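# Close look at the chain arrangement
So you can see what is in the structure, the chains are spelled out below.
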Amino acid sequence: DTEVTQTPKHLVMGMTNKKSLKCEQHMGHRAMYWYKQKAKKPPELMFVYSYEKLSINESVPSRFSPECPNSSLLNLHLHALQPEDSALYLCASSQDRSRDRANQPQHFGDGTRLSIL
Amino acid sequence: AQSVAQPEDQVNVAEGNPLTVKCTYSVSGNPYLFWYVQYPNRGLQFLLKYITGDNLVKGSYGFEAEFNKSQTSFHLKKPSALVSDSALYFCAVKDRDDKIIFGKGTRLHILP
């Protein structure tokens, strides 16, 4: 069982809908990440939160809006998405101790498979 | 810039035989190297990492990886493959901004 929980597992939405993806971890990790993964491709980084503050935005379109309400939760708000946004959206977390943050692995959830009609 | 390359899109191995999934890296400074596995309809699972120390790193599920500085390689190995090892494998490197840079992935097929 994964220690990072993502809901929902599947989501189908129209281009005018508003929906949110949720991610939760209780490992005490202070860095959390959103990735987008297309079929048979590696994950692409979207956002990084460190200590509940947005630290990296990889030039993601504004129709994706991340939120980190507390150290255990990470949301991704979706609005007016396009068909090419259909993908697997992965959340991950890792320790964020500045002394050795670079060698900390990321722990991934099982993702939300998003389909845009 | 940091990068990793996985030269094989797919590797086929008979069950019980040893397996190798290749990865080469290009980094400035000390490399922080990782292997992840992804099973169908699942997220990525961490297998092992190299930071410093012994060149042979042992990880989960009987996997190990050999760090070779002269060849800038970090190949994933297992002495005896299982059908359940069939999955998509990603080599990765951490860059200075703590981002993970993934290779394109190698699909491993273990044939019964």
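Everything that follows concerns the structure shown earlier in this document.
Residues numbered from 1 in each chain as written. Chains lettered and ligands numbered in written order. Predicted model: local features only at pLDDT ≥ 70, side-chain atom pairs only at ≥ 80, totals over all residues. Heavy atoms only, no water.

For the structure on display, the rule yields 15 aromatic pairs over all chains. Between Phe108(A) and Tyr36(B) the ring centres are 5.7 Å apart and the planes differ by 85 degrees, which places this aromatic pair in the edge-to-face class. Residue Phe108(A) is located in strand 10 (residues 107-108), and its partner Tyr36(B) is located in strand 5 (residues 33-38); the two belong to separate chains. By relative accessible area, Tyr36(B) is classed as buried at 0%. Put simply, the rings of Tyr33(A), Tyr35(A), Phe108(A), Phe34(B), Tyr36(B), Phe46(B), Phe90(B) and Phe102(B) pair up and form one aromatic cluster. (Phe/Tyr/Trp six-rings, centres within 6.5 Å; stacked < 30°, edge-to-face > 60°. Helix = DSSP H or I, 4+ residues; strand = E, 2+ residues; numbered from the N terminus. Buried < 20%, exposed > 50% of the residue type's maximum accessible area, 1.4 Å probe, protein only.)

We now examine the sheet that holds strand 1 (residues 4-7) of chain A. Residues and elements named next belong to chain A. Ordered by their spatial adjacency, 4 strands build an open sheet running 1-3-8-7, and the pairing between neighbours is antiparallel. This sheet does not close on itself; its edge strands, each paired only once, are strand 1 and strand 7 (64-70). Taking the axes of each pair of neighbouring strands and ignoring which way they run, one obtains an average angle of 20 degrees across the sheet. (Pairing = 2+ DSSP bridges. Axes fitted to C-alpha atoms, helices over the stretch in contact; angles between N-to-C directions.)

Turning next to the state of the cysteines. All chains considered together, the criterion is met by 2 disulfides over all chains. For Cys23(A), the disulfide goes to Cys91(A), at an S-S distance of 1.9 Å. Classification of the bridge connecting Cys23(A) and Cys91(A) rests on its S-S torsion, roughly -70 degrees, and on that basis the disulfide is left-handed. Of the two residues, Cys23(A) sits in strand 3 (residues 18-25) while Cys91(A) sits in strand 9 (residues 87-94), which places them 68 residues apart along the sequence. Across the pair, Cys91(A) and Cys23(A) agree in class, each one buried. With its sulfur 2.0 Å from that of its partner, Cys23(B) forms a disulfide with Cys91(B). Classification of the bridge connecting Cys23(B) and Cys91(B) rests on its S-S torsion, roughly -60 degrees, and on that basis the disulfide is left-handed. Note that Cys23(B) is positioned in the loop between strand 3 (19-21) and strand 4 (24-26) and Cys91(B) in strand 10 (residues 87-94), a separation of 68 residues in sequence. (Disulfide = S-S within 2.5 Å.)

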